[in-house]
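# Observations on the three-dimensional arrangement
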Amino acid sequence: MIKKKQEGDKTEALTLRGVSLSDKSLSTFFCFLILGIFFSSNFVLAKNVYLTAENTEKGFIIVEPLQKTLEQNLNYTYSFFVYNESNGVLIDNSTVDCMLYIVDSNGNLIYNQNSNYTSDGYWKNNIQKNIFLELGFYSYGVKCEGGGLGGALSGIWEVTPSGKSGSSNIVFFVFVIILIYGITFISFFYGKNIPLTVLGGMAMIFLGVYTINKGIIIFRDSLTNYVSYLTIGIGFILSLWALLEQFEVI
Amino acid sequence: MLGNIIGGFIVILVGVTLAPTVADEVAGAQNNSNITGASSTILGLTTLFYNLSIASTAIGIAAQGLRNSGLM
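Notes on the structure in this doc start here. Predicted, not measured: the structure shown is a model, and the values here were computed from it.

So, on to the overall build of chain A. When helices and strands are tallied, chain A shows 4 helices and 9 strands. Listing every helix and strand of chain A by position from the N terminus yields α-β-β-β-β-β-β-β-β-β-α-α-α. Long-range contacts, defined as pairs at least 24 residues apart, comprise 63% of the intrachain contacts of chain A with a sequence gap of at least 6. Accessible area of chain A: about 15,400 Å², with a carbon and sulfur share of 64%.

Here you go:
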């Protein structure tokens, strides 16, 4: 009897709970759903704010030209852009100052000047040619700072006589040298052609002067200067010899 | 005779055309800091000798013409 009553209470309770709980659970579910949406949106907002704050602290990105080879004894304008790394906004000179440093191959600081901001949105430094007197490698660095943020980069310039690097033009240059030497020598020794010898000799004079001025692609030192003087001399002697034969002096 | 005259004129034409280029290159080489003193002075004479070659070619053509005609 007691068991039946207990079972009856349990059944009633279950029935009651089943009816009442279905409504309660629905209400509770919606409450949790609304609260969940509310808190989750707040959490998302907080997370976004946190990310923005984190990105702002990253500083500046400096974008520079990819040119790494400069010509010796020639003015060079170094230009670069400065961006905020967090949002990509271009940085101007309202709150930020930038400076360029150049160090020679011996580690001596040979240039440190503030960069000028242009109306086109980039920064630039006009570097005079007397900075790049010596051939070789120059290290440089750029730093920008202001408003509690900053950014920097460093790189290397190679200074060559012609402003070119690599060996892509050597084949052409060697071909021209062989052509000029060949025409002159063949005309003088085998062809005995006076006008062509004079023409080739004058070309050799020009070639010598050119190699003194520009070097041989990426090389210019005392050896290339010596070869240049030799070329000028041979060109002059062969031209003079041919002209003397023209006058029938020899 | 005709070949020498034609060749001579070609030499003069090419030489005169390239003379300013040679002069510019010589001036540029003299401005180079690696070339100083006597080397720079001798290098400056290159333009002179270059032009003398052109002038000598012209004189040679004229002299040969006069010689062939019996005037010299």
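Here we come to the side chain of Ser53 of chain B. Of note, Ser53 of chain B is situated in helix H3 (residues 46-68). Look at Ser53 of chain B and you get buried, because its relative accessible area is 4%.

Turning next to a nonpolar patch on the surface. Residues and elements named next belong to chain B. Residues Leu2, Ile6, Ile10, Leu13, Val14 and Leu18 make up a contiguous nonpolar surface patch of about 550 Å² in total accessible area. Mapped onto the elements of the fold, Leu13 is located in helix H1 (residues 2-31). On the basis of relative accessible area, Leu13 is assigned to the exposed category, the value being 59%.

Conventions we followed
Residues numbered from 1 in each chain as written. Chains lettered and ligands numbered in written order. Predicted model: local features only at pLDDT ≥ 70, side-chain atom pairs only at ≥ 80, totals over all residues. Heavy atoms only, no water. Helix = DSSP H or I, 4+ residues; strand = E, 2+ residues; numbered from the N terminus. Contact = heavy atoms within 4.5 Å. Areas by Shrake-Rupley, 256 points an atom, 1.4 Å probe, with all protein chains shown as cover. Buried < 20%, exposed > 50% of the residue type's maximum accessible area, 1.4 Å probe, protein only. Patch = residues over 30% accessible without salt bridge, like charges linked within 9 Å, V, L, I, M, F, W, Y side chains within 5 Å. Salt bridge = Lys/Arg side-chain N within 4 Å of Asp/Glu carboxyl O.

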